[in-house]
Amino acid sequence: MIKITPIRKGLQKQIQSWKSGFTVWQRKTAKSFEVAYASVRLRVEWACYRGLSWIAPYRLSVALGCLTALIVVSAIGLPSLNIILEPHFREAEALDNFRSLVLTIGGALIGAAAIVFSLVLFAIQVNVERMPHGMFRKVSTDGRLLSAFGLTLLLAILTASLSMIPNESWVSIAVLGVLFSTLLTLLLFLYAYRRALSLVNPVQQLRFVVDAASSDLRKWSGRARRAAPLIKESDDLESGLSPSVRSTHDIKRIVYFRLNPWWTNEAKQAVLYATSYAGQYAEQGDYEVSGTALTAIVNINRAYIEAKGKTFFTSDFLFNNPLSTDAFINETLECLKRNLNLALSRKDELQTTQTLQAMALLTSEYLEIDYSNEHASKMHAHLAASYLSNSAEAVVPHQMADVLMEWMRFMGTSCRHFADRADPNDTAILTDKMSVIAGGCVAKESLRPVTHEGILEFARLTFALFHCEKHDPRFALKKTMENVSMVAKVTLMVPESPLFGVHAPFLGPFYSVTQMNALPRWMTDLTNALSDSSKGDTRTENIIRNIEHWAEHLHQIQKDLLLLSIEKQSHFIFDVVHWNAHIADVLLALSNGSACTDHSRDKLRHHACRLLYVFSWVPDKEAAVRQAESAKLTETLFEVALNAYRRGCEDVSDEAEKILFSWAFKAGKYLTGWDILHRSMCALSTLAIVRDGGIHSEQLKQRIQERLNDKSPPSKERLDDDARELRRTAATLNGFGYPWSHSSIEKSMQHTDREKLALLLNEVADILSPDTAGEPLNLGPI
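First, a word on what this report is: a plain description of the structure on this page. (Residues numbered from 1 in each chain as written. Predicted model: local features only at pLDDT ≥ 70, side-chain atom pairs only at ≥ 80, totals over all residues. Heavy atoms only, no water.)

## What about the side chain of Thr427?
1) Next: Note on placement: Thr427 falls in helix H17 (residues 427-441).
2) Next: Assessed through its relative accessible area of 0%, Thr427 is described here as buried.
3) Next: With near-sequence residues (within four places) excluded, Thr427 lies in contact with Cys415, Phe418, Ala419 and Ala476. (Helix = DSSP H or I, 4+ residues; strand = E, 2+ residues; numbered from the N terminus. Buried < 20%, exposed > 50% of the residue type's maximum accessible area, 1.4 Å probe, protein only. Contact = heavy atoms within 4.5 Å.)

## Thoughts on the pattern of salt bridges
1) Next: Going through the model one piece at a time under the given rule, you end up with 36 salt bridges.
2) Next: One salt bridge in this structure joins Glu365 and Arg302, with 2.9 Å as the shortest N-O distance. Placement of Glu365 in helix H14 (residues 349-366) and of Arg302 in helix H12 (residues 287-308) is noted, with a sequence separation of 63 residues between them.
3) Next: The class of Glu365 is buried, set by a relative accessible area of 14%. (Salt bridge = Lys/Arg side-chain N within 4 Å of Asp/Glu carboxyl O.)

## Some details on the packing of aromatic side chains
1) Next: A complete count under the given rule lists 17 aromatic pairs for this structure.
2) Next: Ring geometry for Trp220 versus Tyr256: centroids 6.3 Å apart, planes at 50 degrees, classification tilted. With Trp220 in helix H7 (residues 202-227) and Tyr256 in helix H10 (residues 251-259), the pair connects residues that are 36 residues apart, well separated along the chain. By the burial criterion, Trp220 is buried, and Tyr256 matches it.
3) Next: Arranged with centres 6.4 Å apart and planes meeting at 70 degrees, the rings of Phe312 and Tyr371 form a pair that is edge-to-face. Note that Phe312 is positioned in the loop between H12 and helix H13 (327-345) and Tyr371 in the loop between H14 and helix H15 (379-395), a separation of 59 residues in sequence. Here Phe312 and Tyr371 have matching classes, each one buried.
4) Next: By way of ring pairs, the aromatic residues Trp220, Tyr256, Phe257, Trp263, Tyr304, Phe312, Phe328 and Tyr371 are connected into one cluster.
5) Next: The ring centre of Trp617 lies 4.2 Å from the NZ or CZ of Lys559, which sits over that ring.
6) Next: Sitting above the plane of the Phe661 ring, Arg703 keeps its charged end 4.5 Å from the centroid. (Phe/Tyr/Trp six-rings, centres within 6.5 Å; stacked < 30°, edge-to-face > 60°. Lys NZ or Arg CZ within 6 Å of the ring centre and 35° of its normal.)

## Focus: unusual backbone geometry
1) Next: For Ser372, which is not glycine, the phi dihedral falls at a positive 60 degrees.
2) Next: Along the chain, Ser372 turns up in the loop between H14 and H15.
3) Next: On the accessibility criterion, Ser372 (11% relative accessible area) is buried.
4) Next: Unlike most non-glycine residues, Lys632 shows phi in positive territory, near 60 degrees.
5) Next: The topology assignment puts Lys632 in the loop between helix H26 (622-629) and helix H27 (633-646).
6) Next: Taking the relative accessible area as the measure of exposure, Lys632 reaches 40% and is therefore partly exposed.

## Comments concerning the environment of Ile165
1) Next: Tracing the backbone shows Ile165 in the loop between helix H5 (143-161) and helix H6 (171-200).
2) Next: Using a relative accessible area of 7% as the deciding quantity, one classes Ile165 as buried.
3) Next: Residues Ile165 and Asp710, spaced 545 residues apart in sequence, show a C-alpha to C-alpha distance of 129 Å.
4) Next: Look past the residues within four positions of Ile165 in its chain and what remains in contact with it is Leu95, Phe98, Arg99, Trp170, Val171 and Ala174.

## Regarding a negative patch on the surface
1) Next: A grouping of Asp602, Glu650, Asp651 and Asp692 is seen on the molecular surface, where their side chains present a negatively charged patch.
2) Next: Relative to the elements of secondary structure, Glu650 occurs in helix H28 (residues 650-668).
3) Next: By relative accessible area, Glu650 is classed as partly exposed at 44%. (Patch = residues over 30% accessible without salt bridge, like charges linked within 9 Å, V, L, I, M, F, W, Y side chains within 5 Å. Areas by Shrake-Rupley, 256 points an atom, 1.4 Å probe, with all protein chains shown as cover. Lys, Arg positive; Asp, Glu negative; His and termini not counted. Charge placed at Lys NZ, Arg CZ, Asp CG, Glu CD.)

## Some words on the environment of Arg545
1) Next: Examined against the element boundaries, Arg545 turns out to sit in helix H22 (residues 538-550).
2) Next: As a C-alpha pair, Arg545 and Gln354 span 191 residues in sequence and 39 Å in three-dimensional space.

## Structural notes on helix H11 (residues 265-283)
1) Next: Between the first and last C-alpha of H11 there are 27 Å, a value that for 19 residues agrees with the 27 Å anticipated at 1.5 Å per step.
2) Next: Every buried residue belonging to H11 is among Ala267, Ala270, Val271, Tyr273, Ala274, Thr275, Tyr277, Ala278, Gly279, Tyr281 and Ala282, and all of these are buried.
3) Next: Phi turns positive, to about 90 degrees, at Gly285, one or two residues after H11. (Expected span 1.5 Å × (residues − 1).)

Here it is in structure tokens:
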């Protein structure tokens, strides 16, 4: 008997396998279909978007083209249409009915045109309270809207007049005329509706204002150009001008504009309209319109600068040039000042911020003015910047922290624009004002974020000044650093609690070596980028030269901050110590670059040494030593000396080693809990072994002996304890320093010749304390 069970099981298994395969195939097919559908839909949407984007600027031309094509097609098909329609209107009654229908449609269109445009004009007139009187007159007499009304009325009359056709042969023409007239009338109704919406829309009204003012200025510019051949340049005209002015300014344009002083009336009126809009809509809470109005003022000024061309003059130190004063610019800035005062009277932060932004944008626009002299001062940009800087005095009494932070950003942006497009030394006045506001805000806790923002802008400005190529930014760099120092000193006067620091967080953007968005980090990235430059790269040489000029006076500023941080027992001491070491390391790295000249190399290393000398000014007092060592001064000096040696700067490494040696004995005599003398001796011994051992080891021992004999050494008890620790370290050197140790000294000791290091540590211990040389060692846990 044949067993069926195994065969059935095999079939069931095969069927199950087929089902699983079909399910997998079905899923893959569905997924492939979804992917294909999504891909096709994406391509179609992208094609539609590109097509609409291409058509959008030419939509009027496209509409006229379509209408023309429709008229041409209708004209071509007119005979055929006449053959079809003429038999139906051969009877007089049918023709009379058609005439009545056409007349009715024409009358209806006339009535519709009157009603529609009455409603449109009424909708415009009810908005009279939302716009200035002059703007209401312009909007009420809008040429396009009135032309659309007139054209609609003419089409309606034309439609009605088609009812006067003489016989049935004109029926096809009348039908097409009625159809086209009705279609065009509906399109004109739609256009009038959209035009009315634009006219009552304040944003569109401002656009009309800007377009009208810009168009008027361009017309005057064209008139001046066309009138130039009629104006003769006489000696009397140029007698009051300097030779450079005579040869570069557009004298004929100047004469034309002075003969037509009303050429800016339209632009001035537009500025007044925009100012009115800004104040009115900000009071209503519509800040989108108020912001658009202030932007309109900037755009009008841009058109004015372009139209006036090479007719601007700057002030002269030798004589007063009456042409340097620009009434249009003065009136624009006064309008913004009035708008700012209005916003402050209502304590409107958003309107105040928008007005400050407009002042900053005008400063940027005025930097583009052509004074026909490469070395001319950007007088009008300075004027706008002074309005911006002086506005802070009006804002501070209201204690608007957010507004002051935005003001700091606008001031920083303006300073960077001056540095990039004008003389960077012109930023000195602006940075003085920034430092006053940043320093004054630190006294009140709610305004301290302004100080943080000010320090961040100083850091950005300093970094931007490094890249200046056209002018020497030496004075600007020095002034910026002095202002940063002033803000830092004022900040250090504010008491801080032991657990929550006030000084370091707010000064961090300039001094913190741990933040990513801070000057030390930016300088590191810049140094790495410049390291790839080749010799003779003028741009890299210029950046290195600017950094060298910046570092020239750092040591004096940092010395004052270090002493003040110690005096106030501030946590900021950590940032000062590590900032000095970091900047010194950056200077050394730059000095090794291929593009660095010999002169810059010597200067950079010299400035690095002077930054390290700042640490020698730590007072010889226990509290001061404890405060300085809390910032890991010993390890910092060791790291600087070791890095300098590895970079091939042995002279800088020698100086750092000397400072570390002096620090060891100055701080080692105090019982601070940091074990300074012992750790310093370990660091110096490690440096001696790393730097070719023998000679440096002997020099170290000789200097220690001289130091013990020459000046007042630490107490015998301190020397004995530190000597025992040194011998203990030497004996346990193989197990010294665990993988999780954060001490750079311990890690370096593990990577040197341990036998030589152990021998040197014992010899140093014997020099420090000969009496304890034979004592048994305590090799317990470290």
